[in-house]
Amino acid sequence: MVLSHSTAPKKVSILGSTGSIGTSTVDLLLRTPNKFDVVALTGNSNVKLLAEQARLLQPEFVCVADPKNYTALKEELSGLNIEIGAGESAVIEAAQRNAEWVMASIVGAAGLAPTLEAVKRGATVGLANKESLVCAGDLMMECVTQHGATLLPVDSEHNAIFQVLDFNKPDSIEKIILTASGGPFRTFSLDDMQIVTPEQAVAHPNWSMGAKISVDSASMMNKGLELIEAYHLFPVEERNIEILVHPQSVIHSMVSYVDGSVLAQLGSPDMRTPIAYALAWPERMAAPSPKLDLAEISQLNFERPDTERFPALRLAREALQAGKSAPCVLNAANEEAVSAFLKRQIGFLDIPALVEETLSQFDHQSMSSIDDVLTVDRKARRMALHAIEKNR
Ligand code: NAD
Ligand code: MG
């Protein structure tokens, strides 16, 4: 039997098109231009790249989050039939435009409000922006159900789990095993980590990514955020989400079933594979990621994570167990700490210390609306920034 598939181009938007995930998404769109119509692209400061993407993809609407860049973007795109915007409200507008598929690839809690706008339209959202689930997971998942949206995890681990988890038989799932590369400091002692530089922290052994997530990978806060992300996306308890260090990043994650079967998704570490999966879902499309050659790799290794050297893992688990505003505070303090580390204002080990201090000093509260989340986020950032100033 020949199955007929719709041939109308899919209308897509990319929130954060100039970042690492954004440019990989653009790369895939450009390889199959007749399959996609681009509605909106958003960036923040890299106007040249955003304009180049707009010239290639001919979207309806392009905007920059930073209003200072409006004039430069307007000049770059003058004479083209493309609407231009700037500021937070323009990013929201980009998310509201009628794309059926939206890539949420803004970094940090700044991605929360725009991602929610796409969800509220009932769109299919490729979710890379894990911070939005960390700071507002319950509210976001309620919104997904309420508006009939579809959330497709793009984070490689969650994409792997999505591919091998039997959503129809939640009782048959024993646990989820989230794999972690261990980052560039996997074998470092705490003394070694005391003096590492931003350059060392962003040099990930397997993946090429934006600066913030690279530092998170180095501190293993990334795996902590992913633990919280997995908790919201999949029908498993926190205690049934295990973290396993696997330095080669070939097995992207696994699901263990009650009968002893363990299902895994494997691939070379190239984000274009999970992005292509989300873009084509429920079909599949070709991606240019290097093919996996297991004979060449020859060995896969595994280790238990070390929460003494990587306290961020413990902090994230504790925040998830504490609930209420704790995950949001963890995320906000971490964003400020990472930013200060990248500016060389604090040391690498100050990152988890600052997160722990902010979490312990915060007067935790329930959050029943996005406004509550944004209030907690701002307050936690102020506290973290204050601590950074004090320690300088
Ligand atoms: P990046 O820093 O390379 O790109 C971030 C994007 O967000 C850019 O387009 C930038 O213009 C935009 N942006 C930054 N600040 C903004 C603001 N205040 N308002 C609006 N837009 C803003 O980051 P990335 O590595 O592409 O990561 C993006 C998201 O995807 C993160 O949440 C990250 O955790 C997640 N993720 C990334 C990877 C990866 O391989 N890079 C893998 C898994 C998950
Ligand atoms: Mg990941």
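Coordinates for the structure precede this section.
How each quantity is defined
Residues numbered from 1 in each chain as written. Chains lettered and ligands numbered in written order. Predicted model: local features only at pLDDT ≥ 70, side-chain atom pairs only at ≥ 80, totals over all residues. Heavy atoms only, no water. Helix = DSSP H or I, 4+ residues; strand = E, 2+ residues; numbered from the N terminus. Rg over C-alpha atoms; globule rule 2.2 N^0.38 Å. Buried < 20%, exposed > 50% of the residue type's maximum accessible area, 1.4 Å probe, protein only. Contact = heavy atoms within 4.5 Å. Areas by Shrake-Rupley, 256 points an atom, 1.4 Å probe, with all protein chains shown as cover. Lys, Arg positive; Asp, Glu negative; His and termini not counted. Charge placed at Lys NZ, Arg CZ, Asp CG, Glu CD. Pairing = 2+ DSSP bridges. Axes fitted to C-alpha atoms, helices over the stretch in contact; angles between N-to-C directions. Donors = N, O, S within 2.8 Å, 3.2 Å for Na, K, Ca; no water.

**Q** Please clarify how the overall build of the protein should be interpreted in this entry.
**A** Broken down by element type, the protein carries 17 helices and 11 strands. The C-alpha radius of gyration of the protein comes to 20 Å, within 12% of the 21 Å expected for a compact globule of 392 residues. Once the C-alpha set of the protein is aligned to its principal axes, its extents read approximately 55 × 55 × 40 Å. Here the protein holds 392 residues, and 53% of them are scored as buried. Pairs at least 24 residues apart make up 68% of the contacts formed inside the protein by residues separated by at least 6 positions. Carbon and sulfur atoms form 49% of the exposed surface of the protein, whose accessible area is close to 17,400 Å². Averaging the coordinates of the 34 positive side-chain charges in the protein and doing the same for the 48 negative ones gives two points 3 Å apart.

**Q** Help me understand the sheet that holds strand β8 (residues 173-180) in this model?
**A** Neighbouring strands of a sheet are bound in pairs by backbone hydrogen bonds; such pairs are parallel or else antiparallel. Taken in spatial order, the four strands make up an open sheet running β9-β8-β10-β11, and their pairing is mixed. Strands at the two margins of the open sheet, each flanked by one partner only, are β9 (241-245) and β11 (262-266). Neighbour-to-neighbour, the strand axes of this sheet turn through a mean angle of 20 degrees, independent of strand direction. Bridge count for β8 against β9 is five bridges, and the pairing is parallel.

**Q** Mind showing me how you'd approach the coordination of the magnesium ion (ligand 2) here?
**A** Reference geometry at the metal: tetrahedral coordination by four donors gives ideal angles of 109.5 degrees; octahedral coordination by six donors gives 90 or 180 degrees. In the first shell of the magnesium ion (ligand 2), the protein supplies D155 (OD), E157 (OE) and E226 (OE), at 2.1 to 2.2 Å from the metal. Between consecutive donor residues of the magnesium ion (ligand 2), the sequence gaps follow D-x1-E-x68-E. Here D155 and E157 have matching classes, each one buried.

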